[in-house]
Amino acid sequence: MFVEIVFAGLPIDRDEVEEALDTVFGPDGEITGAGSGAGRCHLDLEIEGSLDRGVALERVRSVLAGLGVREYATLNVSD
């Protein structure tokens, strides 16, 4: 599964989000890209297909909530 996480007005450094996702997903997920510009930034997260979709998305949302940035994020998910 591929998850593009798009942030508008992210109040913390994007690297903090990336590190937290790396910690939570371990070998089950990998940041494969990132970018920023014009007040927006994004992270591309590739998640192992064997991980349940609902569980994976809950992990992402939990990380974002824990960092206090969930309201700044939009998730674009594709299989």
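Everything here concerns the structure above.
Predicted model only: the values in this text are computed from it and were never measured.

Caption draft 1: Looking closely at the environment of Leu51. For Leu51, the location among the structural elements is in the loop between strand E3 (40-47) and helix H2 (53-66). Exposure remark for Leu51: the relative accessible area of 16% places this residue in the buried category. Sequence-wise, Leu51 and Asp28 are 23 residues apart; in three dimensions their C-alpha atoms are separated by 7.3 Å.

Caption draft 2: Layout of the nonpolar core. Formed by 20 residues in total, the largest nonpolar core has its most connected members in Phe7, Val17, Leu21, Phe25, Leu45 and Ile47. At the level of secondary structure, the elements contributing two or more residues to this core comprise strand E1 (2-8), helix H1 (14-25), E3 and H2. Broken down by element, the residue count for this core peaks at five residues, all from H2. Not counting chain neighbours up to four residues away, the residues in contact with Ile47 comprise Met1, Val3, Phe25, Asp28, Gly29 and Ala56.

Caption draft 3: Focus on unusual backbone geometry. For Ala38, which is not a glycine, the phi torsion comes out positive at approximately 50°. The residue Ala38 is located in the loop between strand E2 (29-37) and E3 in this model. Since its relative accessible area comes to 84%, Ala38 is described here as exposed.

Caption draft 4: Representation of the sheet that holds E3 within the structure. Here four strands make up an open sheet; going across it, the order is E2-E3-E1-E4 and the pairing antiparallel. Single-partner strands in this sheet number two, and they are E2 and strand E4 (73-78). Between one strand and the next, the sheet's axes are offset by a mean angle of 15°, whatever the strand orientation. Pairing of E1 with E4 involves six bridges; the strand directions are antiparallel. Residue pairing across strands places Ile5 opposite Leu75, the latter belonging to E4. Lying over the sheet, H1 contacts E1, E2 and E3, oriented at roughly 15° with respect to E3. Contacts between H2 and the sheet are confined to E1, E3 and E4, with E4 contributing the most and set at about 160° to the helix.

So, how was this worked out
- Residue positions are given per chain, counted from 1 along the sequence in the order it is written.
- Two thresholds apply to this predicted model, a pLDDT of at least 70 for residue-level local features and 80 or more for giving and counting side-chain atom pairs, whereas whole-chain, interface and lining totals are computed over all residues.
- The basis for every side-chain value is the complete set of heavy atoms in the structure, and neither hydrogens nor water enter the calculation.
- Helix and strand definitions follow DSSP, with helices as H or I runs of at least four residues and strands as E runs of at least two, each counted in order from the N terminus.
- Three exposure classes are used, based on accessible area relative to the maximum for each residue type with a 1.4 Å probe and protein chains only: buried under 20%, partly exposed in between, and exposed over 50%.
- The nonpolar core is taken to be a set of buried Ala, Val, Leu, Ile, Met, Phe, Trp, Tyr and Cys residues, with the residues joined through side-chain atoms within 4.5 Å.
- Should any heavy atoms of two residues lie within 4.5 Å, those residues are counted as being in contact.
- Two strands qualify as a pair provided DSSP detects at least 2 bridges between them.
- The axes are straight lines fitted to the C-alpha atoms, using for helices just the contacting stretch, and the angles between their N-to-C directions are given from 0 to 180°.

Function cannot be inferred from these measures alone, as they are strictly geometric.
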